[in-house]
Amino acid sequence: GATLGVMGGGQLGRMFVHAAQRMGYFTAVLDPDAASPAGLVSHHHIQTGYLDPEGLARLAECSAAVTTEFENVPAPALAALALQRPVAPGAEAVAIAQDRAREKAHFVRCGVPCAPYAVIETPEQLAAVPDELLPGILKTARLGYDGKGQQRVATRAELAAAWAGLKGVPCVLEKRLPLAAECSVIVARGWDGAMVHFPPQLNLHRDGILAVTQVHEGNLPKVLVQRSIDATKSIANGLQYVGVLCVEFFVLEDGSLVVNEMAPRPHNSGHYTQDACDVSQFELQVRALAGLPLTPPRQHSPAIMLNLLGDLWFASTAQDAATEPPWARVLALPGTHLHLYGKHEARRGRKMGHLNITGASAAQVRATALEAAQLLGLEAF
Ligand code: ATP
Ligand code: MG
Ligand code: MG
């Protein structure tokens, strides 16, 4: 069998490896961490830095094609690999997704509305920020995730202090919008431009981190379903994208749809596809990379995903000792599917796993998910 390579060894890489192995591929993971979730389950684990020429050469040598699993894999590493092997997504698309300023410019180019914003890279740009952008959210242009690197600012003085606190790194200031809901759409696009999509996911965030995803008929108004799918497809086409792409949206209180950001890879909000769809987002990543047909995925069951953060390991005790959550009680509920990422150490805010809940109806899935949430000490939704 051929070997498929992946840059990055986190949980997304691990689930890509699982999907690839199921289809008979060998895998190679490049990640410096000896205990990386994907490295632990891969045939080859290349333990070097992402820009190490020797590591990249070894990955290219053993892989028929290479993909990426976390968005901060340096784009130059992907460009270097692309000289030797097909790489999807490509360095250029990943570079755009890695930079909020370039990302927003791309959304504008595609005619998809995003939050009013200003790029702040110089004191002059800071001074020129229009008042209408306040209150806003200051986001570092690069390297932010799970709400890290973001600060809410209400006044010009707070904005200036926040930017100074970030040592003046390039940032984007976004107007704070009145959100009614958040959703995301995942597409897979092949080398020939053929594209398939999953239904829009309704997402609930807590403290800037995805907490709950709900996907069933009627989770969003029909017009928003169509609009978010169309917008995601035009964003993917505009990038000549190959692979799995997720686009996150805000639904505003007035019912309008605004694009937030994109992730050039499978996404946390698409994990339900493992148990609720006939083809998962990870299988589509394998298919796209390997040049296999992309068949339209069919959701066969309504689904809810609960994210399992490290906090759960500390929920039952007052001490600092981590204890395993009550999995047996959760798994006694019909239609629960537990996915744990094999991370050895639980830390607060760390993504340790997720629980997918499927059932015959949206109401039944919701009832089960609420029971599971209660057993785990998670807030109701
Ligand atoms: P990740 O990549 O892990 O999804 P991130 O760090 O890139 O997260 P964003 O998606 O930019 O962060 O923002 C995190 C959350 O903060 C959003 O899902 C939303 O709940 C809230 N948020 C971000 N921008 C705005 C905005 N302009 N107005 C209102 N809420 C916002
Ligand atoms: Mg992000
Ligand atoms: Mg986000």
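Coordination of the magnesium ion (ligand 2) by the protein involves Glu261 (OE) and Glu261 (OE), with metal-donor separations of 2.2 to 2.3 Å. The distance between the magnesium ion (ligand 2) and the magnesium ion (ligand 3) is 3.8 Å, with Glu261 acting as a donor to both metals. By the secondary structure assignment, Glu261 is in strand E14 (residues 257-263).

On to helix H1 (residues 11-22). Taking 1.5 Å as the rise per residue, H1 with 12 residues should run 16 Å; its terminal C-alpha atoms sit 17 Å apart, in good agreement. Extensive coverage of H1 is indicated by the burial of 9 of its 12 residues. Looking at H1, one finds that the buried residues are Gln11, Leu12, Gly13, Arg14, Met15, Phe16, Val17, Ala19 and Ala20. Just downstream of H1 lies Gly24, where phi reads positive at about 90°.

For the protein, the domain assignment lists domain 1 (3-87), domain 2 (116-175) and domain 3 (179-376). Using only C-alpha atoms to locate each centre, domain 1 and domain 2 end up separated by 34 Å.

The subject of this paragraph is the site of ligand 1. Every one of the 19 residues lining ligand 1 counts as a neighbour, but Lys139, Asp146, Gly147, Gln150 and Glu182 are closest to it. Separating an oxygen atom of ligand 1 from a side-chain N or O atom of Glu182 is a distance of 2.5 Å. In this structure, an oxygen atom belonging to ligand 1 sits 2.8 Å away from a side-chain N or O atom of Glu261. Within the complex, the protein chains bury 92% of what would otherwise be the 620 Å² of accessible surface of ligand 1. Those elements that provide at least two residues to the shell around ligand 1 are strand E6 (136-140), strand E8 (171-175), strand E9 (179-189), strand E13 (243-252) and E14. Its residues assigned to classes, the shell around ligand 1 shows 5 nonpolar, 5 polar and 9 charged. Per-domain counts for the shell around ligand 1 show at least three residues from each of domain 2 (116-175) and domain 3 (179-376).

Below, the discussion takes up the packing of helix H2 (residues 53-62) against helix H3 (residues 75-82). Packing of H2 against H3 brings their axes to within 10 Å, and their N-to-C directions diverge by 45°. In this view, H2 runs oblique relative to H3, as classed from their interaxial angle. In this structure, the crossing between H2 and H3 has a hand that is right-handed. Contact residues: Leu56, Leu59 and Ala60 in H2; Ala77, Ala80 and Leu81 in H3. Here the contact of H2 with H3 is composed, by residue class, of 6 nonpolar, no polar and no charged.

Counted under the stated rule, the structure contains 9 salt bridges. Ionic pairing is found between Glu174 and Lys139, a salt bridge with its closest N-O pair at 2.9 Å. Of this pair, Glu174 sits in strand E8 while Lys139 sits in strand E6, and the two are 35 residues apart along the sequence. Each of the two residues, Glu174 as well as Lys139, counts as buried. Two residues, Glu345 and Arg347, come together in a salt bridge whose shortest N-O distance is 3.4 Å.

Right, let's get into the nonpolar core. Ranked by size, the top nonpolar core spans 26 residues in total, and within it Ile235, Leu239, Leu245, Val247, Phe249, Val259 and Met262 carry the most contacts. Broken down by element, the residue count for this core peaks at 5 residues, all from helix H8 (residues 222-238). In this structure Met262 touches Glu71, Ile96, Ala97, Glu103, His106, Phe107, Ile235, Leu239, Leu245, Cys246 and Val247, once residues within four positions along its chain are discounted. In terms of nonpolar packing, the next biggest core, distinct from the first, is built from 21 residues, Leu312, Trp327, Leu355 and Ala373 among them.

Turning next to the sheet that holds strand E3 (residues 44-46). A sheet is described by the order of its strands in space; here 4 strands give the open sequence E3-E2-E1-E4, paired in parallel fashion. Both edges of this open sheet fall to E3 and strand E4 (65-68), since each of them pairs with a single strand only. Sheet twist, expressed as the average angle between the axes of neighbouring strands with direction ignored, equals 20°. Looking at chain direction, strand E1 (residues 3-7) and strand E2 (residues 26-30) are connected through 5 bridges and run parallel. Considered in E2, the bridge of Leu4 is made with Thr27.

Thresholds, definitions, all that
Residues numbered from 1 in each chain as written. Chains lettered and ligands numbered in written order. Predicted model: local features only at pLDDT ≥ 70, side-chain atom pairs only at ≥ 80, totals over all residues. Heavy atoms only, no water. Donors = N, O, S within 2.8 Å, 3.2 Å for Na, K, Ca; no water. Helix = DSSP H or I, 4+ residues; strand = E, 2+ residues; numbered from the N terminus. Expected span 1.5 Å × (residues − 1). Buried < 20%, exposed > 50% of the residue type's maximum accessible area, 1.4 Å probe, protein only. Domains from an automatic or database assignment. Near = heavy atom within 4 Å. Polar contact = N/O pair within 3.5 Å; in protein donor to acceptor, adjacent residues only side chain to side chain. Areas by Shrake-Rupley, 256 points an atom, 1.4 Å probe, with all protein chains shown as cover. Nonpolar A, V, L, I, M, F, W, Y, C, P; charged D, E, K, R; others polar. Axes fitted to C-alpha atoms, helices over the stretch in contact; angles between N-to-C directions. Parallel < 35°, antiparallel > 145°, perpendicular 65-115°, else oblique. Left-handed = near helix turned anticlockwise from the far one by under 90°. Contact = heavy atoms within 4.5 Å. Salt bridge = Lys/Arg side-chain N within 4 Å of Asp/Glu carboxyl O. Core = buried A, V, L, I, M, F, W, Y, C linked by side-chain atoms within 4.5 Å. Pairing = 2+ DSSP bridges.

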